[in-house]
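Each chain, written out:
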Amino acid sequence: MKTKEIIKRVRELAKPFRISKGNGFRLKDVDPDNTLEDKPRAKEALVSGVTALTELQDKLYAQDKWAVLLIFQAMDAAGKDGAIKHVMSGVNPQGCQVYSFKSPSADDLDHDYLWRCMKCLPNRGHIGIFNRSYYEEVLVVRVHPEFLAKEKLPPKLVGKKIWEERFEDIRNFEQYLARNGVVVRKFFLHVSKKEQKRRFLDRIDDSFKNWKFSSNDAKERDFWDDYMEAYEEMIQETATKEAPWYVVPADNKWFTRVVVASAVIETLASLDLAYPKVDEGKLKELAAAKKKLLTK
Ligand code: ATP
Ligand code: MG
């Protein structure tokens, strides 16, 4: 497939899952088991897509103007790690940075919540990946108020409107990034409660997967409905044209990977990526270097 065709195809694949306007978004409208596509055809698109991604990333790096930030959020066992691994299989590690955000450290808690993420923003020319992010601040922290209590905020600043305020700050922060050439794309891998149960049981029964299971993950299942409410509102409040969410069906891992890869490719393809132009002076310099190399 030619690059142009690939880009057209990945746009079609990603489009149904892109939310650029949060108003009216309902999580129940996205079926976690959706695969939309015929598996062999979609996989073929993924293979050609990864080659296209390699080329695009090379230009992104050489041009050194845009930075791309990909944010991944999901319930446990939704396949974040696998999606990141597969999508990035065609990417040059030199131009890519991955950060995982776990429970905040004492040093993190001694700062505002964006601080630890800001330190990890991608350089120009790079792709940055956040495996979890500041969005935990309106998810786990919302579902478990005891986390908010540990954030050492002056009590007078913690009111009824705190979530509304956080959404506003996140929207503003992402707009600031967009205005500075950091292209933000966010992925919610939407797994069903039933499929999560199946994957947890698999992690318990398969000794090679035991390391992936933590009993805390199973405990979080009790809060499933609270999480879904928090996710829905987060998407409604923070899906924007500059920083859209992709709500990706996650019950079938191959399909999750196809949609995520497609979205990453469409994002890079939407930028005016090009190798830097070589000017007269540089051409002369190259010619002189060649002459010297050939004579010695
Ligand atoms: P995996 O389980 O695949 O290794 P993970 O991202 O689930 O990856 P864990 O170490 O299991 O990693 O979990 C990280 C935990 O940290 C999650 O439960 C998450 O909700 C929590 N966490 C992340 N950010 C915050 C935050 N700002 N405040 C409180 N908890 C947070
Ligand atoms: Mg975990």
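Right above here is the structure, for reference.
Just so we're clear, the structure is a prediction, and the values are computed from it rather than from any experiment. (Residues numbered from 1 in each chain as written. Chains lettered and ligands numbered in written order. Predicted model: local features only at pLDDT ≥ 70, side-chain atom pairs only at ≥ 80, totals over all residues. Heavy atoms only, no water.)

### Focus: the overall build of the protein
Along the backbone of the protein there are 13 helices and 6 strands. Its C-alpha atoms give the protein principal-axis dimensions of about 75 × 50 × 40 Å. Residues classed as buried in the protein amount to 47% of the 296 residues present. Contacts spanning at least 24 positions in sequence make up 83% of the contacts within the protein whose residues lie at least 6 apart. Total accessible area computed for the protein in this model is approximately 16500 Å², and 52% of it derives from carbon and sulfur atoms. If the 53 positive side-chain charges of the protein are averaged to one point and the 46 negative ones to another, these points end up 6 Å apart. (Helix = DSSP H or I, 4+ residues; strand = E, 2+ residues; numbered from the N terminus. Buried < 20%, exposed > 50% of the residue type's maximum accessible area, 1.4 Å probe, protein only. Contact = heavy atoms within 4.5 Å. Areas by Shrake-Rupley, 256 points an atom, 1.4 Å probe, with all protein chains shown as cover. Lys, Arg positive; Asp, Glu negative; His and termini not counted. Charge placed at Lys NZ, Arg CZ, Asp CG, Glu CD.)

### Notes on the nonpolar core
Tyr 134, Phe 187 and Leu 268 are the most contacted members of the largest nonpolar core, which has 85 residues in total. Here this core gets 10 residues from one element, more than from any other, and that element is helix 12 (residues 253-269). Ignoring any residue separated from it by four or fewer positions in sequence, one finds Tyr 134 in contact with Ile 71, Tyr 113, Leu 114, Cys 117, Ile 170, Phe 173 and Glu 174. (Core = buried A, V, L, I, M, F, W, Y, C linked by side-chain atoms within 4.5 Å.)

### Some points on the site of ligand 1
Within the structure, ligand 1 sits among 14 residues, and Asp 76, Lys 80, Arg 132, Glu 136 and Glu 137 are positioned closest to it. The contact in question runs from an oxygen atom of ligand 1 to an N or O atom on the side chain of Lys 102, over 3.1 Å. Protein coverage of the free-state accessible area of ligand 1, which is 640 Å², stands at 77%. Its residues placed into classes, the shell around ligand 1 shows 5 nonpolar, 1 polar and 8 charged. (Near = heavy atom within 4 Å. Polar contact = N/O pair within 3.5 Å; in protein donor to acceptor, adjacent residues only side chain to side chain. Nonpolar A, V, L, I, M, F, W, Y, C, P; charged D, E, K, R; others polar.)

### Details of the packing of helix 2 (residues 39-63) against helix 12
At a minimum axis separation of 9 Å, helix 2 and helix 12 run at an interaxial angle of 35°. For the pair helix 2 and helix 12, the sense of crossing is left-handed. On helix 12, the residues that touch Lys 39, Ala 42, Lys 43, Leu 46, Gly 49, Val 50, Leu 53, Leu 56, Gln 57 and Leu 60 of helix 2 are Trp 254, Arg 257, Val 258, Ala 261, Val 264, Ile 265, Leu 268 and Ala 269. Residue composition of the contact of helix 2 with helix 12, by class: 13 nonpolar, 2 polar and 3 charged. (Axes fitted to C-alpha atoms, helices over the stretch in contact; angles between N-to-C directions. Left-handed = near helix turned anticlockwise from the far one by under 90°.)

The analysis is restricted to geometry; functional conclusions fall outside its scope.
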